[in-house]
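# Reading the structure
Chain by chain, the residues:
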Amino acid sequence: MPRWRQNPKRGYFMLDKESNQIFSEKLRTRFIELGLSKQTATKITKLITPVKIDGNTIISYCSDTFYRDHIISPKIDEIEKIAKDCWGKAYDFKIEGNPIEENSAVKTKSFKTNKESQITLFPDENNYFPEKKKKLKPKISFQEITPVNAIKEEEITQKFEEKNNLPINNEKPRTLDATQNFGTFIRCESNLVAYSACEAVAKNPGNLSNPLFIYGATGLGKTHLLHSVGNEIIQKIPNAKILYITSEDFVNDVIHRGIRVGKMDEVRSKYSACDVLLVDDIQFLEKKDACQIEFFHTFNELYQKRKQIVITSDKFPKDIPNIEERLKSRFLQGLLVDIEPPGFEDRVAIIETKANLIGLKINQEISFLIATHAKTNVREIQGLLKDLLMNQHMTGRSPTIESVTTILKRRFPTGSVESTIDTAAIQKVVANHFQIKMADLMGQSRQQKFVIARHIAMFLAKEMIGLQIVAIANAFGKKDHTTVLHAMSKVKELLEKDDEFRGNFIQVKRKIEALMQSN
Ligand SMILES: Nc1ncnc2c1ncn2[C@@H]1O[C@H](COP(=O)(O)OP(=O)(O)OP(=O)(O)O)[C@@H](O)[C@H]1O
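Since the model is a prediction, treat every value here as computed from it, not as a measurement. (Residues numbered from 1 in each chain as written. Predicted model: local features only at pLDDT ≥ 70, side-chain atom pairs only at ≥ 80, totals over all residues.)

### Describing the site of the ligand
Our working definition: Each residue gets a C-beta atom placed from its backbone. If that atom is within 6 Å of a molecule or strand, the residue is near it. The residue classification treats Ala, Val, Leu, Ile, Met, Phe, Trp, Tyr, Cys and Pro as nonpolar and Asp, Glu, Lys and Arg as charged. All others, Gly included, are polar. Boundaries of every domain are those given by an automatic assignment or by a domain database.
Taken together, 17 residues lie around the ligand, and Thr218, Gly221, Lys222, Thr223 and Val378 are the ones closest in. In the shell around the ligand, the residues fall into 4 nonpolar, 9 polar and 4 charged. Inspection of the shell around the ligand shows a minimum of three residues originating in each of domain 2 (147-339) and domain 3 (344-411).

Printed below as a string of structure tokens:
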């Protein structure tokens, strides 16, 4: 049973520290098992610390509406299961906004003018508040969905640069890539938080999370999500002015057109007139002091006008070197979401979906083999599938284990193809996890603990390294492969209905994945 004590100031009952710690730790572990990154799991756990109990309902306050509505609410069932697990009784779990913060927000709001409180999604140019006395008239047209105008403008700049003997900025303005949209983005646990954040921002730009800062290693889909936000908004609001740039484009604009050509006003107008600014790879602003100052002002202006800003980076804001602190703190004030490298199951899903899209015929054994080796990012997976497709065209045959292994060896020449884990490694991890001897795992005993461990090991040998049923039977010293088939169906059945079994299964799988990553 949870222990509660009365909060003398607020009058309601609070969970005591120890009960809270146990509950939080279990929650965090469960969220990690469900595939959330450690950082996100910790954040969510903190956000939903229970604050009071009302009959059978445990209530927590979470003022972050994005996390509350999109990440935590869909997991209420899991949270209630953990509560039951902790305290042996079924509780309802309810997440409410923090009344204290909401009250103060109401108070703060009441100081604002009527005009401010009527702010709409994309205020019309004349409605900007409150600093918008002098209306900026952009002399240039947006590239948004009218690239023709943008190219004309580019030609004019180029002529000017030629005439004045200045280095020419040949960069063409960027356009949104219509193929990179939410529909073509493969959702998996490792990118779910970032995906949901982008979807929420695209539904309600400028109002929910500003700026939205997406960070993560290369090739994991940050740019894809950025385009998806732009494409989604343009679908709903066709005249929205969406500017998609990389931070290098910004540097080019400021240095070439602003400083060299002396048209800084135009550069400022271009940025201040947009409704949505999508900036890719902000880390390339490092060490460019003048550009950082300019970006700081652009950011502030757009932010004050409640224009949506979405930024991507390969690092968490605080870890980007040589970027002004005040810029970092602006980035930190919004919603920060990370994308992690996909886990084994996610990689299999990505491989199968992408292969299907390009007309590459691969069976599950091949997708498991690829997923075992292409571990770092989606770009790497795409490259590999393109190689296989080329091979399929040239030979007229679908990929086989042998042809895929050859291509894998070419792409991963460091010998990692051979050094991947085998059934023995899986057996060892399973035996360690259940704290049983290898002999018991491999033996004939029908003791439940041994049988469960054996079934899991067999199942994972198939799922994670794509071993054939007969090969698994051999590896476990079984003459009859129907034992393996029975293990497969038993595991599937227990995964559906037995929480403890599922917990053990997920933990073992994570341990094997970690081993694969380290190989
Ligand atoms: N979840 C996904 N679903 C579908 N395609 C994806 C996914 N993640 C990445 N991709 C694809 O992988 C490729 C690389 O992704 P993207 O360019 O968005 O990565 P990035 O994180 O921006 O990398 P970088 O930091 O190097 O710019 C793109 O072709 C993208 O469409």
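That was the structure; now back to the text.
### Section: the sheet that holds strand S3 (residues 50-54)
Our working rule: When DSSP finds two or more bridges between a pair of strands, those strands are recorded as paired. Here a strand is any run of E in DSSP of at least two residues, a helix any run of H or I of at least four, and the numbering for each starts at the N terminus. Here an axis means a line fitted to C-alpha atoms, over the contact stretch when the element is a helix, while the angle between two N-to-C directions is reported on a 0 to 180 degree scale. Note on contacts: each residue gets a C-beta atom placed from the backbone, and two residues are in contact if those atoms are within 7 Å.
Strand order in this open sheet of 3 strands is S3-S4-S5, and the pairing throughout is mixed. At either end of the open sheet lies a strand with only one pairing partner, and these are S3 and strand S5 (92-96). Put simply, the sheet's adjacent strands are angled 30 degrees from each other on average, direction ignored. When S3 meets strand S4 (residues 57-61), the two strands line up antiparallel, connected through 4 bridges. Along S4, the bridge assignment pairs Asp54 with Thr57. Those strands touched by helix H4 (residues 76-87) are S4 and S5, and its axis lies near 125 degrees from that of S5.

### Notes on helix H18 (residues 423-434)
For clarity, the cut-off: In a helix, the anticipated span is given by 1.5 Å times the number of residues less one. Each residue is classified by how many other C-beta atoms fall within 10 Å of its C-beta atom, where C-beta atoms are placed from the backbone; a count of 20 or more means buried, 12 or fewer means exposed, and values in between mean partly exposed.
Between its first and last C-alpha, H18 extends 17 Å over 12 residues, near the 16 Å set by a 1.5 Å rise per residue. Within H18, burial applies to Thr423, Ile426, Gln427, Val429, Val430 and Ala431. Positioned one or two residues after H18, Gln435 has a phi angle of 50 degrees, which is positive.

### Re the packing of helix H14 (residues 344-358) against helix H16 (residues 378-395)
What counts here: Roughly parallel means an angle under 35 degrees; roughly antiparallel, over 145; roughly perpendicular, 65 to 115; everything else is oblique. Each crossing gets its hand from how the near helix is turned against the far one by less than a right angle, where anticlockwise is left-handed and clockwise is right-handed.
At a closest axis distance of 10 Å, the pairing of H14 and H16 adopts a crossing angle of 40 degrees. With respect to their mutual orientation, H14 and H16 come out oblique. Relative to H16, the crossing made by H14 is right-handed. Across the interface between the two elements, Arg347, Ile350, Ile351, Lys354, Ala355 and Ile358 from H14 touch Val378, Ile381, Gln382, Leu385 and Leu389 from H16.

### Quick word on the environment of Lys84
If you trace the backbone, Lys84 turns up in helix H4. For the pair Lys84 and Phe23, spaced 61 residues apart in the sequence, the C-alpha separation amounts to 10.0 Å. For Lys84, the residues in contact, after removing those within four places along its chain, are Lys89, Ala90 and Tyr91.

### Looking at unusual backbone geometry
Here the bond from Asn210 into Pro211 is cis, since omega is -5 degrees, no more than 30 degrees from zero. Looking at the element boundaries, Pro211 is found in the loop between helix H8 (192-203) and strand S6 (212-216).

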